[in-house]
Amino acid sequence: MKKLIGIVGTNAANSTNRQLLQFMQKHFQKDATIELMEIQNLPMFNKPTTDKLPEIITEMAAKIEAADGVIISTAEYDHSAPAALLNALDWLSYNIYPFVDKPVMVTGASYGALGSSRAQAQLRQVLDAPELHAMIMPSSEFLLGNSLNAFTEDGQLKDATTIEKLEGIFADFLLFVDIAKQLKNAHAANKKAAADFDWDKIK
Amino acid sequence: MKLLGIVGSAAEESYNRQLLQYIEKEFATKFDLELIEVKDLPLFDESNDQTESVAIQNLNRKVLRADGVIIATAEHNHTITPGLKSLIEWLSFKIHPLANKPVLIVGCSFYDQGTSRAQLHLRQILESPGVNAIAMPGNEFLLGNVKEAFDEFGNLKDDKTRTFLQATLQKFMKFISVVSKLDETKDQLPDEDLQARGSVATTIPDVDMSSDHWVEEAAAKVHPVKGDTYVQLDHGILTVDQIDELLKSMPFEITFVDGNNQFLYFNHTEDSKNMFAHRKPEQVGNPIGNCHPARTHEHVKQVISMLRAGKLDSFHMPVPHGPGKYVVHNYQALHDTDGNYSGINEYILDFQPIIDWYLKKTGKQLVGGKVDAVSGASKKDTVEKPDAVSSASKKDDTEKPDATSGASEKVSRQQPDAISGASEKD
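Each value, and the rule that gives it
Residues numbered from 1 in each chain as written. Chains lettered and ligands numbered in written order. Predicted model: local features only at pLDDT ≥ 70, side-chain atom pairs only at ≥ 80, totals over all residues. Heavy atoms only, no water. Contact = heavy atoms within 4.5 Å. Buried area = accessible area lost by both parts, 1.4 Å probe. Salt bridge = Lys/Arg side-chain N within 4 Å of Asp/Glu carboxyl O. Polar contact = N/O pair within 3.5 Å; in protein donor to acceptor, adjacent residues only side chain to side chain. Helix = DSSP H or I, 4+ residues; strand = E, 2+ residues; numbered from the N terminus. Axes fitted to C-alpha atoms, helices over the stretch in contact; angles between N-to-C directions. Parallel < 35°, antiparallel > 145°, perpendicular 65-115°, else oblique. Nonpolar A, V, L, I, M, F, W, Y, C, P; charged D, E, K, R; others polar. Buried < 20%, exposed > 50% of the residue type's maximum accessible area, 1.4 Å probe, protein only. Pairing = 2+ DSSP bridges. Phe/Tyr/Trp six-rings, centres within 6.5 Å; stacked < 30°, edge-to-face > 60°. 1 Å grid on protein atoms, 1.4 Å probe; cavity = no way out; pocket = protein on both sides within 12 Å on 5 of 7 lines; lining within 4 Å. Points joined across faces, edges and corners; volume = space filled by probe spheres on them. pLDDT = per-residue confidence, 0-100. Right-handed = clockwise from strand over helix to strand, strands pointing away. Left-handed = near helix turned anticlockwise from the far one by under 90°.

1. Comments concerning the interface of chain B and chain A
Step number 1: On the chain A side, the residues contacting the 35 residues of chain B number 36 residues.
Step number 2: Surface buried jointly by chain B and chain A totals about 2800 Å² across both partners, of which 57% is contributed by carbon and sulfur atoms.
Step number 3: By the criterion of area lost to chain A, the three top residues of chain B are Leu43, Asn77 and Phe110 of chain B, representing 23% of everything that side buries.
Step number 4: Along the contact surface separating chain B from chain A lie zero salt bridges.
Step number 5: At the junction of chain B with chain A, the criterion picks out 16 residue pairs in polar contact (both at pLDDT 80 or more).
Step number 6: Contributing elements (two or more residues each) for the side of chain B that touches chain A: helix H3 (82-90) and helix H4 (116-127) of chain B.

2. Re the packing of helix H3 (residues 83-91) of chain A against H3 of chain B
Step number 1: Interaxial distance between H3 of chain A and H3 of chain B falls to 8 Å at its minimum, and their mutual angle equals 170 degrees. The orientation of H3 of chain A relative to H3 of chain B falls into the category roughly antiparallel. Taken together, the residues of H3 of chain B that come into contact with H3 of chain A (itself represented by Ala83, Leu86, Asn87 and Asp90 of chain A) are Pro82, Lys85, Ser86 and Glu89 of chain B.
Step number 2: Along the lines of polarity and charge, the residues of the contact of H3 of chain A with H3 of chain B split into three nonpolar, two polar and three charged.

3. Describing the environment of Asn190 of chain A
Residue and element names in this part refer to chain A.
Step number 1: As for its placement among the helices and strands, Asn190 is situated in helix H6 (residues 187-196).
Step number 2: On the basis of relative accessible area, Asn190 is assigned to the buried category, the value being 17%.
Step number 3: Separated by 60 residues in the primary sequence, Asn190 and Pro130 place their C-alpha atoms 8.0 Å from one another.
Step number 4: Contact partners of Asn190, with chain neighbours within four places excluded, come to Val100, Asp101 and His133.

4. So, the pattern of salt bridges
All names here are of chain A.
Step number 1: Applying the stated criterion across every chain yields a total of 17 salt bridges over all chains.
Step number 2: Ionic pairing is found between Lys63 and Glu35, a salt bridge with its closest N-O pair at 2.9 Å. Here the residue Lys63 occupies a position in helix H2 (residues 55-66), and Glu35 occupies one in strand E2 (residues 32-37), the gap between them amounting to 28 residues.
Step number 3: Note that Lys181 is salt-bridged to Asp68, the shortest N-O span being 3.6 Å. Separated by 113 residues along the polypeptide, Lys181 in helix H5 (residues 160-182) and Asp68 in the loop between H2 and strand E3 (69-74) bring together distant segments of the chain.

5. Here's the deal with the pairing of strand E8 (residues 236-239) of chain B
All names here are of chain B.
Step number 1: Both strand E7 (residues 230-233) and E8 contribute to a ladder of four bridges, which runs antiparallel. Residue Leu233 lies in a different strand from E8, and its bridge partner there is Gly236.
Step number 2: In this antiparallel pair of consecutive strands, E7 and E8, the connection spans two residues.

6. Observations regarding the packing of aromatic side chains
Residue and element names in this part refer to chain B.
Step number 1: Under the definition given, this model contains 14 aromatic pairs over all chains.
Step number 2: Their ring planes at 75 degrees and their centres at 4.8 Å tell us that Phe44 and Trp90 sit as a pair that is edge-to-face. Here Phe44, found in the loop between strand E2 (32-37) and helix H2 (54-65), pairs with Trp90, found in helix H3; they are 46 residues apart in sequence, far enough to count as distant. No difference in accessibility class separates Phe44 from Trp90, as the two residues are buried.

7. Quick word on empty space enclosed by the protein
Step number 1: Under the defined criterion, the tally for this structure stands at three cavities of 30 Å³ or more.
Step number 2: Computed from the structure, the largest cavity encloses a volume of approximately 150 Å³.
Step number 3: Surrounding the largest cavity, 15 residues form its lining, Lys47 of chain A together with Asn16, Ala74, Cys108 and Phe110 of chain B being those nearest its centre.
Step number 4: For the lining of the largest cavity, the residue count by class is seven nonpolar, five polar and three charged.

8. Details of the confidence of the model for chain A
Step number 1: Overall, the predicted model of chain A reaches an average pLDDT of 92, with 97% of residues at or above 70.
Step number 2: Across chain A, element-level confidence peaks in E2 of chain A with a mean pLDDT of 98 and bottoms out in H6 of chain A with 82.

9. Quick word on the sheet that holds strand E13 (residues 341-350) of chain B
Residue and element names in this part refer to chain B.
Step number 1: Read from one edge of the open sheet, five strands run E10-E9-E13-E12-E11, paired in antiparallel fashion. At either margin of the open sheet sits one strand with a lone partner, and together these are strand E10 (263-266) and strand E11 (314-319). Direction aside, neighbouring strands of the sheet carry axes that sit 20 degrees apart on average.
Step number 2: Pairing analysis gives nine bridges linking strand E12 (residues 327-335) to E13, with the strands arranged antiparallel.

10. Here's the deal with the pairing of strand E1 (residues 2-8) of chain B
Residues and elements named next belong to chain B.
Step number 1: With seven of its seven residues buried, E1 lies for the most part within the structure.
Step number 2: Residues of E1 alternate between two faces, with Lys2, Leu4, Ile6 and Gly8 on one and Leu3, Gly5 and Val7 on the opposite face, all of them buried.
Step number 3: Across six bridges, the pairing between E1 and E2 is parallel. Residue pairing in the sheet places Leu4 in a bridge with Glu34 of E2.
Step number 4: On the question of chirality, the crossover connecting E1 to the parallel E2 by way of helix H1 (residues 15-26) is right-handed.
Step number 5: Bridge count for E1 against strand E3 (residues 68-73) is six bridges, and the pairing is parallel. The residue bridging Leu4 from the neighbouring strand is Val69, located in E3.

11. Some thoughts on the packing of helix H1 (residues 16-27) of chain A against H5 of chain A
Residues and elements named next belong to chain A.
Step number 1: Put simply, H1 and H5 touch, their axes get as near as 12 Å, and they point 70 degrees apart. Compared by their axis directions, H1 and H5 come out roughly perpendicular. Classified by chirality, the crossing of H5 by H1 is right-handed. Mapping the contact onto sequence places Leu20, Phe23, Met24 and His27 in H1 and Ile163, Leu166, Glu167 and Phe170 in H5.

Written out as C-alpha cells, the structure reads:
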C-alpha cells in the first residue's frame, strides 16, 4: 500500500483543507495510508546563514523523503497560497531537497465559489522551482468551493459528484505515483541541479 | 511626499533592503522614504488574530499615512517570500490600509531573472479584493545579478540602471497624483478645534483653560511632583528641577502643545519681550486658538491636521526677525509609545549662529546669490557630503540644494525626455 503525506496548506486552527484531507484519509484508507502533516508553529523563513535547520523541518523533510507521494491542500489568501504554506515550502527547499521528483497532487478548498483556483495555479509554479522541483500531477485540478457547507457533521463530503471527481483524480494520482517511479532518468541530474542551486554561487 | 518602502525579505542580509536604502538616499530631495521590515512581524495566522497588536497597528497607520508604497520583493521558489506574503495577509484580513494605495513593485535577485516571477505573483496578490492596491502598470524594475550591482558606498554602479530607476520613480510620483484624483475626498483632513473643547487622556478637567493662573489651578487639582522629586525617563532618572534646568539650557524656545490643542508648557528663560515668540506664563493652559491671531487660524489648523494625520512629520517656517538672524519656527509632531499622535513640540531656533560657526570652523563660504542656507546645509549634512554647501550648485539634478523650493518644477519640465528615452531603451 502506498504511503502518502497530506500537507494541510494553512496554519489556521479551523480549516476546511484539513477537513478535506481527513476525509480523503478515511475515504481512501483501503488504497493508501495518508499521514497528515501540519505547518503550524514553524519559524518564519529568514534564509539563515547557518547550515543547521530547525529539527521540526528536518523531521518533516524525512517523512516527505520516505513517502511515495504528497498531497498539498492549499487555502487561498489574496489570490495566492497562504504565507504559512510558502514558509513551509521555503524551509523544505533550503539546503534539503525532499520534493525533487516527488509526485504531488494539489487540492484546495475555499469558502468562496472559486475553490482556491488562483492559489493552486501559483502553487504549481512554486512547486516547479528548481529547489522544489516536484513532479506535479498535470490536468488534475480539484477545487472545493463553498467549503464551509461541503461537509456533513461527521466529516463526509456531501456532494456525490464531488466525491466521484475526487475518487477519479485520486485513482489517477496512485497511477501517477507508479509512472513517476519510471520517470527517473533525469532524477540524479535534478537532485544535483537543486543542490547546486546555491544562492551564493548563482551566476 | 511620503512613501513607505517595504523590505520584502526577512533575511538579515538583503539586497532588496539595500536597493530601498539606495532609493531613500538618492531621492531624498524628492520624497521621504521610510523603510518597513517584514522580519519584525509575526507570521500570519487567522486563528491567532494579532491585528490589534502594536506592530500591526503601527504598520497600518504608516501605510494609511503614506502617499504611496514601494515594495521590494525577493524571489523564493518562483514566488514572493513568506514574510512579505504574511505582511500582506495581515493588511487584508481585518484591516485594509492598502486599498486604493499606489504601489510600485521593484525587486532584485542574485541571478538574471531578477524576481520576474515573484513580481507577477505580487501583482496578482495586490489585485485581490482584500488588498485592492493600485500597482503601477508597466515600468518593471528587475535588478538581476545584484551582487555586482552596488558599489562599496551602496550606490548603483550602472548608469543606465540609475537612469531607468530615476525615470521609474518620477513616473511613480506622477502616478500617485493621478491615482489620488480617483478619490478626491481622500485628502480632506478632519477640522482642528483650536479651542481645545475636546479632551485627551491627560487633559486636566474642570480648570478654566483661559485663566491667567491655569498652572496654579491645575496644580491644585493634580498635585504634580516638583522640586527634588525623582522622575524616571526613557532613559534615566532626573529630578523635576534637573528636567527644568535641562530644558532651560536648550538653545531654543520650546513649547509643548498636547493632542487636544492645549498649550501646556514653554521653557521660561527670558522675559516675554525678549523672546522670538512672546510667550507669557499666564498664557499656559490656553487653547492654542487664544495664542494665535484669528487671521492665522486657518493656517495653524492646516499644519496641525497634517501633523496629526502624519502627512507631515514636521513643519518648518522661517520668520523674519531682522538682520543677522535666521529664525525658524519648527513644529515637530509628537507620538506616544504606540505611535499615536500626542501633540507638538514647537521649537524656535535662530540658525544663523550655527551656520556662522560651521563656516568659520570649516573655512567654507556660502556661494551663489540665492543659496537657501538653511535647507541646503541641513539637507546636505544628511547625505554626508562635507563639501556639499559650497559645491552643491554644481551637482546633478538629484541633489539640488534648492530642492524644497524650485527643483520639483525644474525636474518635471526636464523629465518627459528622460522617461521616453529610458523606456525606449529598455
